[in-house]
Amino acid sequence: MKIKYQEKSFEDILSYSPKKSKKPKKPSRFRRFLLKTVSKSDLKDTNFTYNLNDVSTLKIDEPILILMNHSSFIDLEIASTIFYPRPLNIVTTTDGFIGKNWLLRNLGCVPAKKFILDVELVRNLLYVTKKLKSSILMYPEASYSFSGQTTPLPESVGKFIKLLNIPVVTVITENAFLRQPLYNMLYKHEVKVSANAKILINKDEIKTLSTKEINERLKKEFQLDYWKTQKEHNVIIKEDNFAEGLERVLYKCPHCGTEGEITTTKNNIKCNKCGVTYEIQPTGELVALNATTKFSSVSSWYDYEREEVRKEILNGTYKTEFDPTLFVTLDTYKLFKVKDVKPHFVHDINGFSLTDEEHNLSFKLNPQETYSVYSDFYWYEIGDVISIGNTDIQYYCFPESKRVSVAKIRIASEEMFKLKNNIK
């Protein structure tokens, strides 16, 4: 999916007057039905099944908070199907609105700025439940999983749940990640997808549980490893393109330690520096073809990369820098490509920095401010991206070199946040 943008000078962009955000709309019954209808084809292809368990005891017009793991492009289709005809207001990243504001607003979407404190979002969601009497669909991980594992949940979720004071329902999918993983997004795989919903916290418990207890319950519920589940359930991927794109996730060779030299073809993963080649099996296991297998799954390889990044942070050597192609948003209506600046992006133990002194561009984020960072592969077919910003402006930074890993930057932001805030 592509996105519309305008190319302008940085000065002209800053002179643009952002449009004021509007209050969320409750989706009409017709639009709820429409969303469910257009989801049928994709879900039919996966032989989709689901179990609502005790969620079926909740009244359709009773606002609830739905927290769903975010692993696939069909996540919204799943939620729109299993909760129909319940009205849902869906927390959606701000860039998703560009070029389709009217459509998304009428479908009940609520814009959110990822990985920053968004007071306006909280106000809008209180309006959704108190005034519109609608339910909220939110992906607490805030971003697709790169490695097929859980991504960090913000500590603020517990406070938000206490503030809303409505039942909390979780939806955990099985095999949705395997259907079309983000790294491999050009391909769809023939797998059976299912979803399991349940009441995680009822309204009475919200009053008695502490914020810490709520967060602990959420953390336990969202402990996921899709590769481990694939192996345990013997889910077979028949296509021969399952490894393609994994170089974005598995960027560091565990044999020679070189970064940026991994390439993938069909089901093979190769380090061009030392020549070690792995093959991904139909059940998701990794097997080295010409060396001793060091990691037998994508998730264990990714854990190794995380430990390596943590070591770099602790010894003060971690640093990623590049001169990005830069895009900017100031609202949900316009995306601008900046045509005149020559920005420099740095991520190190001091946090994020995006600068161009000639054009008065200087943006910084401390490491303790960002529990993770908005990063993506193939962002709207432009390229891999890192996005940083605040409530006023969002910068989308695209590395020109494939040797720059946005996955590593995401890992580093998460590990620095934990170290700075004494989180294990």
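Higher on the page you've got the structure.
Let us look at the structure shown here. The structure presented is a predicted model; accordingly, all values stated were derived computationally and were not measured.

## Things to note about the packing of aromatic side chains
The full count for this structure, using the stated rule, is 20 aromatic pairs. Ring centres of phenylalanine 177 and tyrosine 226 lie 5.2 Å apart, and the angle between their planes is 15 degrees; this geometry places the pair in the stacked category. Here phenylalanine 177, found in helix 7 (residues 176-179), pairs with tyrosine 226, found in helix 10 (residues 226-232); they are 49 residues apart in sequence, far enough to count as distant. Of the two residues, phenylalanine 177 and tyrosine 226, neither departs from the other in class, the shared state being buried. Through a chain of ring-to-ring contacts, the aromatic side chains of Tyr5, Phe327, Tyr374, Trp379, Tyr380, Tyr396 and Phe398 assemble into a single cluster. The ring of tyrosine 333 carries the charged tip of lysine 19 above its face, separated from the ring centre by 4.6 Å. The aromatic ring of tyrosine 127 is capped on one face by lysine 23, whose charged end is 5.0 Å from the ring centroid.

## Let's talk about the environment of arginine 217
Here arginine 217 is to be found in helix 9 (residues 211-221). Setting aside its immediate chain neighbours within four residues, arginine 217 contacts Leu200, Ile201, Glu205 and Leu209. Within the structure, the side chain of arginine 217 is placed 3.0 Å from the backbone oxygen of leucine 200, a separation counted as a polar contact.

## Quick word on the sheet that holds strand 14 (residues 325-329)
Taken in spatial order, the 6 strands of this open sheet run 1-15-14-21-20-19, and their pairing is mixed. Strand pairing shows two members of the sheet lacking a second neighbour, strand 1 (6-8) and strand 19 (374-379), which therefore form its edges. Between one strand and the next, the sheet's axes are offset by a mean angle of 30 degrees, whatever the strand orientation. Strand direction decides the pairing type here: strand 14 and strand 15 (residues 335-338), joined by 3 bridges, are antiparallel. Opposite threonine 329, over in strand 15, you have leucine 335 as the bridge partner. Its contacts with the sheet place helix 12 (residues 406-420) against strand 19 and strand 20 (383-389), and it is angled at close to 170 degrees to strand 19.

## Things to note about a positive patch on the surface
Together, Lys130, Lys131, Lys133, Lys203 and Lys207 make up a region of like positive charge exposed at the surface. With respect to the element layout, lysine 133 can be found in the loop between helix 5 (119-130) and strand 6 (135-138). With a relative accessible area of 47%, lysine 133 lands in the partly exposed category.

About the thresholds
- Along each chain, numbering runs from 1 in the same order as the chain's sequence is written.
- Reporting in this predicted model follows two pLDDT cut-offs: at least 70 for local features of residues, and 80 or more for side-chain atom pairs to be given and counted; totals over whole chains, interfaces and linings ignore these cut-offs and use all residues.
- Side-chain figures throughout are based on the complete set of non-hydrogen atoms in the structure, without hydrogens or water.
- Only centres within 6.5 Å qualify two rings of Phe, Tyr or Trp (six-membered ring in Trp) as a pair; their planes then separate them into stacked at under 30 degrees, edge-to-face at over 60, and tilted for everything else.
- Here a helix means four or more residues in a row that DSSP labels H or I, a strand means two or more in a row labelled E, and each is numbered from the N terminus.
- A simple rule labels every residue: compare its accessible area, found with a 1.4 Å probe on the protein chains alone, to the largest value its type can have, and call it buried under 20%, exposed over 50%, or partly exposed in between.
- Should the NZ of a Lys or the CZ of an Arg lie within 6 Å of a ring centre and within 35 degrees of the ring normal, that charge is described as sitting over the ring.
- Contacts are residue-level and defined by heavy atoms, with any inter-residue pair within 4.5 Å sufficient.
- Pairing of N or O atoms within 3.5 Å defines a polar contact, subject to two protein rules: one partner must be a possible hydrogen donor and the other a possible acceptor, and residues neighboring in sequence count only if both atoms are side-chain atoms.
- Think of it this way: DSSP has to see at least two bridges between two strands before they count as a pair.
- Structural elements are reduced to axes, namely lines fitted to C-alpha atoms, with helices fitted over the stretch in contact, and the angle between N-to-C directions of any two is expressed from 0 to 180 degrees.
- Only residues whose relative accessible area exceeds 30% and that form no salt bridge are eligible for patches; like-charged ones are grouped when within 9 Å, while nonpolar side chains (Val, Leu, Ile, Met, Phe, Trp, Tyr) are grouped when within 5 Å.
- Accessible surface is estimated by sampling points in the Shrake-Rupley manner with a 1.4 Å probe; for residues, cover comes only from the protein chains shown.
- Each salt bridge in this description consists of a side-chain nitrogen of Lys or Arg and a carboxyl oxygen of Asp or Glu lying within 4 Å of one another.
- Think of it this way: Lys and Arg go in the positive column, Asp and Glu in the negative one, and His and the chain ends go nowhere.
- Charge coordinates come from a single atom per side chain, which is NZ of Lys, CZ of Arg, CG of Asp or CD of Glu.

That's the geometry; what it means functionally is another story.
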